[in-house]
Amino acid sequence: MSRDRMGCAQRQKEATLELLGENICPYCGVGCRLKFEGEAGGVLRVRGVESAAANRGGICAKGAQLGPTINTPDRLAQPRLRLGRFDAFRTVDWNTAFRYVREIFTNILNTHGPEALAFYGSGQLDTETVYLIGKLFKGHLGCNNTDSNSRLCMAAAVAGYRTSLGSDGPPTCYDDIDRADTIVIMGSNMAEAHPVTFDRVKASKKARPEQQIIVIDPRRTPTADCADIHLPVAPGGDVALLNALGRMLLGLGALDHNFVSDHTRGFEEYRAFLMLQNVNELCTLAGVAAEELYRVAKILKASQGFLSFYCMGLNQSTVGMWKNNSLINMHLLLGQIGKPGAGPFSLTGQPNAMGGREAGLLSHQLPGYRTVEDAAHRQEAEEFWGRSPGTIRAKAGLTAVEMFRDLEKGKIKAIWIAGTNPAVSLPDLHQVRRAIAKAQLVVVNEAYHPTETSRLADVILPAAQFGEKEWTSTNSERMVAYSPKLWDAPGEALPDWQIIARFAQALGYKGFNYASAAEVWDEYIQMTKGRPCDMSGATSARLREVGSLQWPCPNVDHPGTKRRYLDHKFAFPDGKALFLPRDHKEPREVPDHEFPFVLTTGRLYTHWHTLTRTGKADKLMRREPAPFVEINPRDAAKLNIEAGDMVQISSRRGTIRLPARLRDGVCPGMVFMPFHWGDLYGEGNAANYLTISAIGRVAKQPELKFCAVNLEKVPQPKKTSLPLPIAAEEEIEEEGLPAEAWMY
Ligand code: SF4
């Protein structure tokens with residue numbers, strides 16, 4: 001068919017599409033509201049909603065290609081169960097599945113106690129589900145071992161906000177992009193991982209060319225390509241860089257004396273700590289030229305609005321919380337927080353990672369930013385749930401990596417995994433596989449089967465996904481958004497919240513008989529009343545009317561809150577934010593003669609997490625079809641590696657083989673790998689077979705950005721032809737459609 005006729009056929013098809021409705025994108029934490037159009041049998045077009053505050057009509061390729069991921073042959077329609085790991089799964093009804101899980105759970109509880117159980121969830125789960133997981137596990141089973149894959153991406157940000165400002169949750173909003181003079185993007189490849197927000201940064205820069213964009217990242221990423229200044233910090237050198245910057249700002253007289261004296265504590269200790277540091281030594285540790293950093297210091301001093309974005313590059317570290325504290329110190333020193341266009345802004349990786357934090361999925365949390373360690377918080381939760389005093393344990397439960405360690409040791413006997421694929425995403429995958437193999441029971445809630453994790457399970461429960469249920473989520477800027485049900489889930493698949501509620505009832509617990517997601521939501525928000533994340537005014541009825549509201553939203557007449565701390569009263573009892581002096585610390589595993597390279601892992605524009613959805617969209621797979629290792633050309637030349645050569649990459653934990661891409665955007669001595677691909681795409685090629693499971697002391701976030709590896713060229717008779725990425729523009733032009741309207 002000629003291109004003209006193809007274009008004409010597409011336009012005709014476009015004209016007949018029916019609007020199915022709107023939903024929040026199920027991928028990243030930008031929280032784009034998307035419009036789904038189609039006809040009987042499926043979604044044919046996805047576009048951004050113009051009136052949505054988070055994306056203002058924007059959409060990226062992942063969102064635009066959601067259509068092909070919905071009705072796929074691997075969607076789960078019935079529960080599946082097998083009695084032995086070498087048996088085939090058989091289809092069962094819900095009652096049989098619940099009876100089976102209940103029997104094993106009860107045996108374990110009676111024999112080993114609640115600490116032998118664990119729930120590992122996800123920032124993909126809606127808030128209603130997260131709330132019920134906490135209510136069941138922490139409030140009824142007495143088990144605090146509930147954690148989330150948010151532990152892999154956001155735990156350091158949570159701990160950073162709590163220790164520096166007194167409460168989790170960013171102070172900022174997306175509108176601050178248009179109000180900031182200077183935007184520092186540190187440890188975040190926004191252009192690929194949060195593309196619609198980055199589009200807004202680019203638009204702001206275009207409208208105000210004097211706005212300064214400073215990117216601090218060891219790699220020259222597509223984000224760094226758009227920067228006025230790119231500081232290629234040495235991997236692991238962030239705290240040293242921020243301390244050097246702090247020292248330079250003090251030297252420049254940039255201190256906001258009034259703000260610091262009226263609204264902060266700990267400045268004198270911080271100043272004394274900085275004055276003992278040698279700037280040149282710090283710059284050497286940070287791997288940046290002192291003159292370049294001084295240039296940044298002068299820009300920050302002159303800025304009326306300094307906004308910082310940060311993500312995994314700061315968080316995925318054994319000192320991730322310290323990196324967060326060190327960055328927040330800059331904002332406090334300059335008085336650049338609690339006003340439009342200023343403040344620290346952690347980007348969330350998943351659509352409801354924020355909601356999970358608010359509703360208490362992490363192992364130390366209870367709903368409404370409460371913690372299990374706080375006796376008053378436990379009492380409030382027990383009273384709210386009608387439980388006897390002492391039901392909720394005072395000790396924080398196990399975090400993600402700790403859970404899988406204890407599973408391998410046999411201390412945890414049963415694990416329930418929902419909305420995540422730890423057999424690809426956790427560090428040290430050989431350990432994860434050994435742990436799962438030891439489990440007495442593995443239950444997995446999933447929309448698809450097989451995934452790398454579901455194929456290791458005993459029971460798989462079919463979950464309805466976005467568009468197939470009513471659900472609520474919170475995005476990176478604290479925007480709580482409601483998504484309606486647009487089409488039916490396949491077969492007997494249920495929303496996760498219903499799966500949890502029905503299982504709780506199967507265990508004999510009262511208080512889980514909900515008629516709707518709205519009922520769960522309205523119960524949950526009462527627990528946020530009077531808390532920093534108060535959303536008691538964002539009732540289900542109101543959200544169904546207005547779509548979204550930013551917390552705090554303490555009553556039904558409240559319009560929601562764009563920015564926190566405008567009164568400069570922070571969330572500590574005395575209202576003062578805290579300076580926290582933090583020293584540079586080496587990552588847990590540094591290169592040596594045996595493993596001389598640093599491996600850092602990350603994301604690509606067209607893929608999301610473990611390819612469970614994006615792996616089903618042909619256009620996305622054509623653009624990035626396979627994993628690779630990115631090497632600096634100078635290192636490659638020394639090892640006689642050419643582009644496309646197969647390279648063996650080894651760490652102390654595993655060995656994988658991938659084709660090489662040569663790029664001078666990675667610094668010498670470092671290699672980069674995307675972590676998206678798991679064993680379904682080639683046994684043993686996942687980046688996380690190599691990564692280290694070392695975790696931070698407080699945030700317990702694993703150091704996914706840094707471990708030591710060795711590279712060797714694999715002798716090969718014939719060169720591997722590495723599929724080249726297809727430029728999005730090429731494909732769009734081929735389709736004759738604008739970027740936001742990819743059709744299939
Ligand atoms: Fe979805 Fe994130 Fe892309 Fe928006 S930017 S469409 S939320 S993946």
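Basis of the calculations
- Residues numbered from 1 in each chain as written.
- Predicted model: local features only at pLDDT ≥ 70, side-chain atom pairs only at ≥ 80, totals over all residues.
- Heavy atoms only, no water.
- Salt bridge = Lys/Arg side-chain N within 4 Å of Asp/Glu carboxyl O.
- Helix = DSSP H or I, 4+ residues; strand = E, 2+ residues; numbered from the N terminus.
- Buried < 20%, exposed > 50% of the residue type's maximum accessible area, 1.4 Å probe, protein only.
- Pairing = 2+ DSSP bridges.
- Axes fitted to C-alpha atoms, helices over the stretch in contact; angles between N-to-C directions.
- Disulfide = S-S within 2.5 Å.

(A) Structural view of the pattern of salt bridges. One pass over the full model with this rule turns up 38 salt bridges. Between E402 and K700 there is a salt bridge, with its nearest N and O atoms 3.0 Å apart. Here E402, found in helix α18 (residues 400-409), pairs with K700, found in the loop between β27 (670-674) and β28 (707-713); they are 298 residues apart in sequence, far enough to count as distant. Using a relative accessible area of 16% as the deciding quantity, one classes E402 as buried. One salt bridge connects E683 with R455, and the closest N-O pair in it is separated by 3.7 Å. With a gap of 228 residues between them, E683 in the loop between β27 and β28 and R455 in the loop between β17 (441-446) and β18 (459-462) connect regions that are remote in the sequence.

(B) Quick look at the sheet that holds β28. Taken in spatial order, the six strands close into a barrel running β23-β27-β24-β26-β25-β28, and their pairing is mixed. When the angles between neighbouring strand axes are averaged without regard to direction, this sheet yields 45°. Pairing of strand β24 (residues 629-631) with β27, which is carried by two bridges, proceeds in the antiparallel orientation. Along β27, the bridge assignment pairs E630 with F672.

(C) Structural detail: the state of the cysteines. Summed over the entire model, instances satisfying the criterion amount to zero disulfides. Counting only cysteine sulfurs, C667 is the nearest neighbor of C707, a cysteine outside any disulfide, at a range of 14 Å. On the basis of relative accessibility, which here comes to 0%, the residue C707 falls in the buried class.

(D) Quick peek at unusual backbone geometry. Here the bond from H449 into P450 is cis, since omega is 5°, no more than 30 degrees from zero. Take P450: it is sitting in the loop between β17 and β18. Residues W551 and P552 are joined by a peptide bond in cis, for which omega reads 0°. Residue R56 is not a glycine yet carries a positive backbone phi of 45°. Relative to the helices and strands, R56 resides in the loop between β3 (42-48) and α2 (61-64). Here R56 falls in the partly exposed class, since its relative accessible area comes to 45%. Despite not being glycine, K700 has its phi angle at roughly 60°, a positive value.

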